[in-house]
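# Observations on the model geometry
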Amino acid sequence: MSVSSNNLEPQFQVLRKAYYLERYPSLAARLDRLRRVKAMLTEHESAWCEALSQDFGYRSADQSSFADITTSIKSVNHALKNLKFWMKAERRTPDLSLRMSGAKTYVEAFPKGVVGIVSPWNFPINLALSPLVSVLAAGNRAFIKPSEATPATSALLEKLISQYFTDDEVAVACGDVDVAQAFVKLPFDHIIYTGGETVAKHIMRDAAENLVPLTLELGGKSPVIVSSSADLKLTAKRIAFGKYFNAGQICIAPDYLLIAEDRLEAFLLDLKSAVEHADSSQGSADSVSIVNERHRQRIDYLIAEGESANARVMRFSGHNQSAYQLTVVINPSADAGINNSEIFGPVLLIKTIGDLSEQIAYINQSSHPLVIYYFGRSETEFRRVARETSSGGLVKNDVIFQYANDDLPFGGVGGSGMGKYRGEYGFKEFSNNRAVYKSGIVDVSGFVTPPYSGVFRMVNKLMRKI
Ligand code: NAD
């Protein structure tokens, strides 16, 4: 069934009713749902890749297959393997006085209920289905609002979800911003939103009406620190990858790079050859386009404005003159928009700041990024970056590949978001982690009930010491 803003509420009630009827799906039921997510991906891989390419104008099928399909399948596999352990109650240690009375304490995860998933356009399959894996593993029902910026992929998602799931397990609501706005007003038991900061603030206001807990997966400007000990060839190769992949339209793409003035020219030469190598060996068939005209204009504007703010601008492209043209904007003056706006495209901002203390101070001027990348050989420097900054993730000598680890939590902090998901963290995020206390055989309340005696006073004093 296609869900419009008029029938969001009835569809939500279908999901909620099903949750009330089955508040604790068995391990077998959850595994079955996860296997259906996997089947939906593997049995329609070429249709997914075609829809993605149609939405982007052009998107390499190999990149789509890896970035959207394989990553999602990996998350399913990880959950299939580990779910029975995640579902086990975690024993906790009772307070000593209660332990002596024979009490037991543990934490057990229960489904929250119906979880809303609001997903973006840049990895429209993975960023809808990777949250779905965590939501279903935790035993919830799910309602997905995919992005209107990728209509073919969102329509395919809606069609396939209705083939692989009943409408009381998982449903999809396609539509424009009006549908999204009505969607986040529903009294969900949890909402996970992936997208930009401005919309996140609207969602938080709407969710507050029903006290709906939120996971916000936002973006921001993820910096790269290039240490004096960095291997420049390796740094350039990985940065080129970070900007080539999905044309830099990635929330964890390296946004700006901090490097010493005297290493800049050597780095630019290495970056040029890394781009030429990627371009000549892969060609335009392996590229990804900017998703739409609005975003193309936004990126062009950031470059042009940087250029008029005294930046040195360099455009790198390989022999094939493919769609990939990495543009580097070096040292624009402070008022240029590129210094503050997330780039989200194949453009790299470079600032010549070489001293680690100054690099850290520069990063700390802005809100906490989603990730901080450090390139260098010094563990001491890396530990300094860890202790003196804050971010959702921290990476040494690589970019983007932290996301390939299903056993790591993913998410931001402060301006880059709140809450973490994926793997066991996702299971916990979408669970009600209930505290359970079973009293022992000794009646401890007898000690604290009037009339108070010397025993009570002794117990009172003793409890402060243990
Ligand atoms: P988008 O325009 O596709 O919007 C995302 C979702 O928000 C869509 O489903 C849309 O329908 C919905 N939406 C739009 N307006 C709304 C409103 N007023 N109320 C409720 N929902 C609304 O995506 P976008 O915002 O352009 O995404 C790009 C941003 O997402 C970037 O900032 C990027 O860094 C961030 N991002 C973060 C992650 C992450 O995991 N942290 C991943 C990918 C993208």
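The written sequence of each chain sets the order in which its residues are numbered from 1. The predicted nature of this model means local features are confined to residues of pLDDT at least 70 and side-chain atom pairs, given and counted, to a pLDDT of 80 or more, with totals for whole chains, interfaces and linings taken over all residues. As a rule here, side-chain values cover all heavy atoms of the structure and leave hydrogens and water aside.

Put simply, the test is: UniProt positions are given in the numbering used here, feature names are shortened, and annotations may be inferred rather than shown by experiment.
Under an unreviewed UniProt entry, the name given to the chain is Aldehyde dehydrogenase, and the source organism is Zhongshania marina. Of the chain, the UniProt comment under Sequence similarities (unreviewed entry) reads exactly: "Belongs to the aldehyde dehydrogenase family."

### Remarks on the packing of helix 2 (residues 27-42) against helix 7 (residues 151-164)
Defined as follows: Lines are fitted to the C-alpha atoms to define the axes, a helix being fitted only along its stretch in contact, and any angle between axes, read from their N-to-C directions, falls within 0 to 180 degrees. Helix and strand labels come from DSSP, where a helix needs a run of H or I of at least four residues and a strand needs a run of E of at least two; each type is numbered from the N terminus. Oblique is the label for every angle not falling under 35 degrees (roughly parallel), over 145 degrees (roughly antiparallel), or within 65 to 115 degrees (roughly perpendicular). Left-handed is the label given to a crossing in which the near helix is rotated counterclockwise from the far helix by less than a right angle, and right-handed is the label when the rotation is clockwise. Whether two residues are in contact is decided by their heavy atoms, any of which lying within 4.5 Å being enough. Basically, the charged four are Asp, Glu, Lys and Arg, the nonpolar ten are Ala, Val, Leu, Ile, Met, Phe, Trp, Tyr, Cys and Pro, and anything else, Gly included, counts as polar.
Two elements in contact, helix 2 and helix 7, have axes whose closest approach is 10 Å; the angle formed by their N-to-C orientations is 135°. The angle between the axes of helix 2 and helix 7 places the two elements in the oblique class. Handedness of the helix 2/helix 7 crossing: right-handed. Packed against helix 2, whose contacting residues are Arg 36, Ala 39 and Met 40, the element helix 7 presents Leu 157, Leu 160, Ile 161 and Tyr 164 at the interface. For the contact of helix 2 with helix 7, the residue count by class is six nonpolar, no polar and one charged.

### What to know about the packing of aromatic side chains
Note on aromatic pairs: each is described by the distance of the centres and the angle between the planes. Applied cut-off: Any two rings among Phe, Tyr and Trp, with Trp reduced to its six-membered ring, count as a pair given centres within 6.5 Å; such a pair is stacked if its planes are under 30 degrees apart, edge-to-face if over 60, and tilted if neither. Each residue gets one of three labels from its accessible area relative to the maximum for its type: buried under 20%, exposed over 50%, partly exposed in between, using a 1.4 Å probe on protein chains only. Look at NZ for Lys and CZ for Arg. If either is within 6 Å of the ring centre and within 35 degrees of the ring normal, a charge sits over the ring.
Enumeration according to the criterion identifies 17 aromatic pairs in this entry. With a centroid separation of 5.0 Å and 65° between ring planes, the pair formed by Phe 143 and Phe 183 is classed as edge-to-face. With Phe 143 in strand 4 (residues 141-145) and Phe 183 in helix 8 (residues 177-183), this pair connects stretches of sequence that are 40 residues apart. Residue Phe 143 is classed as buried on the basis of its relative accessible area, which comes to 0%. Its relative accessible area of 0% is what places Phe 183 among the buried residues. The structure contains a cluster of three or more aromatic residues connected by ring pairs, namely Phe 12, Phe 143, Phe 183 and Phe 188. Above the ring of Phe 56, the side-chain terminus of Arg 59 is found at 4.7 Å from the ring centroid. Of note, Arg 422 hangs over the ring of Tyr 403, and the distance from its end group to the ring centre comes to 3.8 Å.

### Points about helix 12 (residues 293-308)
Defined as follows: To estimate the expected span of a helix, subtract one from its residue number and multiply by 1.5 Å. It is the directions from the helix axis to the C-beta atoms whose arc is reported.
Its 16 residues give helix 12 an end-to-end C-alpha distance of 22 Å, which sits within 8% of 22 Å, the value for a rise of 1.5 Å per residue. Within helix 12 the residues assigned to the buried category are His 295, Ile 299, Leu 302, Ile 303 and Gly 306. Mapping the buried residues of helix 12 onto a view down its axis gives an arc of 90°, with all of them on the same face. Residues of helix 12 that are exposed and angled more than 90 degrees away from the buried face: Arg 294, Tyr 301 and Ser 308. Where the residues of helix 12 are buried, they touch strand 10 (312-316), strand 11 (326-330) and strand 12 (347-352).

### Observations regarding the environment of Lys 237
With respect to the secondary-structure elements, Lys 237 resides in helix 10 (residues 232-244). Judged by its relative accessible area of 59%, Lys 237 is exposed. Between the C-alpha atoms of Lys 237 and Phe 344, which are 107 residues apart in sequence, the distance is 19 Å.

### A few points about the domain arrangement of the chain
The criterion, for reference: These domain limits were set by an automatic method or by a database of domain assignments. Accessible area that two parts lose when put together, with a 1.4 Å probe and added across both, is what the buried area reports. For salt bridges, the criterion is a side-chain nitrogen of Lys or Arg within 4 Å of an Asp or Glu carboxyl oxygen. Counted as a polar contact is a pair of N or O atoms within 3.5 Å, where, for protein atoms, one must be capable of donating a hydrogen and the other of accepting one, and residues adjacent in sequence contribute only when both atoms are in side chains.
Each domain of the chain was delimited in the assignment, giving domain 1 (5-218 + 417-433) and domain 2 (223-406). At the interface, 25 residues of domain 1 touch 24 residues of domain 2. Surface buried jointly by domain 1 and domain 2 totals about 2,000 Å² across both partners, of which 50% is contributed by carbon and sulfur atoms. If you sort the residues of domain 1 by the area they bury against domain 2, Gln 63, Trp 121 and Arg 422 come out on top, with a joint share of 31%. Summed over the shared surface of domain 1 and domain 2, the result is two salt bridges. Between Lys 74 and Asp 406 there is a salt bridge, with the nearest N and O atoms lying 2.9 Å from each other. Seen at the junction of domain 1 and domain 2, the total is 14 residue pairs in polar contact (both at pLDDT 80 or more). Elements that contribute at least two residues to the side of domain 1 that touches domain 2 include exactly helix 3 (45-56), helix 4 (61-86) and helix 6 (126-137). Considering each element in turn, the side of domain 1 that touches domain 2 owes the most residues, seven residues, to helix 4.

### A closer look at the pattern of salt bridges
Going through the model one piece at a time under the given rule, you end up with 21 salt bridges. Of the charged contacts, one joins Glu 22 and Arg 141 as a salt bridge, the two residues approaching to 2.4 Å between their closest N and O atoms. Highlighted residues: Glu 22 in the loop between helix 1 (8-21) and helix 2 and Arg 141 in strand 4, separated in sequence by 119 residues. A residue is classified by how much of its surface remains accessible, and Arg 141, at 5% relative accessible area, is buried. Salt bridges here are not isolated pairs; linked through shared partners, they connect Glu 22, Asp 32, Arg 33, Arg 36, Arg 141 and Glu 169.

### Some words on the sheet that holds strand 3 (residues 114-118)
Condition: Strand pairing is defined by DSSP finding a minimum of two bridges between the two strands.
Ordered in space as 5-4-3-6-7-15, the six strands form an open sheet in which the pairing is mixed. Because the sheet does not close on itself, it has two edges, and the strands there are strand 5 (170-172) and strand 15 (417-418). Those strands touched by helix 7 are strand 4 and strand 5, and its axis lies near 155° from that of strand 5.

### Regarding the UniProt feature "active site" (unreviewed entry) in the chain
With numbering aligned to this structure, UniProt lists the feature "active site" (unreviewed entry) at Glu 217. Turning to its location among the elements, Glu 217 is positioned in strand 7 (residues 214-217). The exposure class of Glu 217 is buried, given its relative accessible area of 3%. Not counting residues within four places of it along the chain, the set of residues in contact with Glu 217 comprises Ile 192, Tyr 193, Thr 194, Gly 195, Phe 410, Gly 411, Gly 412, Ser 416, Gly 419, Lys 420 and Tyr 421.

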